[in-house]
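Structural characterization, general
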Amino acid sequence: MTKAILEARNLGKSFGGVRAVDRFEIELKKSELVGLIGPNGAGKSTVFNLLSGAIKPTDGTIHLFGKDITGKKMVDFAQAGIARTFQNIRLLEEQTVFENVLAATHKSANRNFFANLFHTKTWRREEMVLQERVELLLETFSLLDKRNELANNLSYGDQRRVEIVRALATDPEVLFLDEPAAGMNPAEGKELVQLIEQVQKDYNITVVLIEHDMDVVMDLCERILVLDYGKLIFSGTPQEVMASDAVRSAYLGDDLINA
């Protein structure tokens, strides 16, 4: 059996008297493509915030490659190999596509204060390597022709694409995508599916996504977790999810199940 690279056990988060996530558990294996679905307010984004280090859990544990990273800062999660996108796109709007992606590579570069301050020979050599890596990423994902465009001038679909490529630039082991198809038309949704499939195949990483577009979820995911009122109520293949009475009752509804 393949060993899990990320494990969360009995994960919980309370905000005041509200239990947003309760005893959530997940095991992610190398190169899995997993979906997390559920009705609005089910706690999906809170789970992503916990698993990416954006917020600290009230209880439970998170391990990455067997190392306990529970309660550490988001930058520690990123350096350990976890990247994420957000429901609302967070690009540097007045920076170019190239600059947006390059900024992400700087986060993972191993540089000291002296090299950064004086732009030493070593710094210049590393900077060239990072810039070449950014160009390769942009070329791989058909964005090289837009390298000098400002992020806020891009189409919505291209902004999403840049956001995913920027996350990849941190060289993650696990990539969390928070509603990547939100606001996309059907054609852009199909392109997104192809992009995520390419990401998983070319970079051999684990991808977890929150998504309300069930066509995207069913086309992409090998395994789906269903959350309701902060609790994990079902986990299975897309076919098992579609056939589940519990999922039908909580989220999908008879019309969608029978569609």
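These remarks concern the structure in this document. Being a predicted model, the structure only gives us computed values, none of them experimental. (Residues numbered from 1 in each chain as written. Predicted model: local features only at pLDDT ≥ 70, side-chain atom pairs only at ≥ 80, totals over all residues. Heavy atoms only, no water.)

1. Overview of helix α7 (residues 186-203)
- Relative to the 26 Å expected for 18 residues at 1.5 Å per residue, α7 spans 26 Å between its end C-alpha atoms, a close match to the ideal helical length.
- Within α7 the residues assigned to the buried category are E188, G189, L192, V193, L195, I196, V199 and Q200. The arc enclosing the buried residues of α7, seen along the axis, measures out at 165°, which places them on a common side. Turned more than 90 degrees off the buried face of α7, the exposed positions are K190, Q194 and K201.
- Between the side-chain oxygen of the N-cap and the backbone nitrogen of A187 there are 3.1 Å, and the N-cap of α7 in question is N185.
- Looking at the residues trailing α7, positive phi occurs at N204, about 55°. (Helix = DSSP H or I, 4+ residues; strand = E, 2+ residues; numbered from the N terminus. Expected span 1.5 Å × (residues − 1). Buried < 20%, exposed > 50% of the residue type's maximum accessible area, 1.4 Å probe, protein only. Arc of directions from axis to C-beta. Polar contact = N/O pair within 3.5 Å; in protein donor to acceptor, adjacent residues only side chain to side chain.)

2. Remarks on the sheet that holds strand β1 (residues 4-15)
- In space, the four strands of this open sheet follow the order β2-β1-β4-β5, with antiparallel pairing throughout. With one partner strand each, in any of the chains shown, β2 (18-29) and β5 (67-68) form the two edges of the open sheet.
- Pairing of β1 with strand β4 (residues 59-64) involves five bridges; the strand directions are antiparallel. Across the sheet, A8 pairs through a bridge with I62, a residue of β4. (Pairing = 2+ DSSP bridges.)

3. Some points on the packing of aromatic side chains
- Considering all chains together, one arrives at two aromatic pairs under this definition.
- For the ring pair F48 and F176, a centre distance of 5.0 Å and an interplane angle of 65° mean the geometry is edge-to-face. Separated by 128 residues along the polypeptide, F48 in helix α1 (residues 44-51) and F176 in strand β7 (residues 174-178) bring together distant segments of the chain.
- One cation-aromatic arrangement involves R84 over F86; the distance from NZ or CZ to the ring centre is 4.0 Å.
- In this structure, R90 packs its charged tip against the face of F86, placed 3.8 Å from the ring centre. (Phe/Tyr/Trp six-rings, centres within 6.5 Å; stacked < 30°, edge-to-face > 60°. Lys NZ or Arg CZ within 6 Å of the ring centre and 35° of its normal.)

4. Re the pairing of β4
- Pairing between β4 and β5: two bridges, direction antiparallel. If you follow H63 over to β5, its bridge partner there is D68.
- Here β4 hands over to β5 after two residues, with F65 in that stretch at a positive phi of 55°.

5. Quick look at the environment of L137
- Examined against the element boundaries, L137 turns out to sit in helix α5 (residues 121-140).
- A residue is classified by how much of its surface remains accessible, and L137, at 4% relative accessible area, is buried.
- In this structure, the C-alpha to C-alpha distance between L137 and V162, residues 25 residues apart in sequence, is 9.9 Å.
- Here L137 is in contact with V101, V165, L168, A169 and Y203, once residues within four sequence places are set aside. (Contact = heavy atoms within 4.5 Å.)

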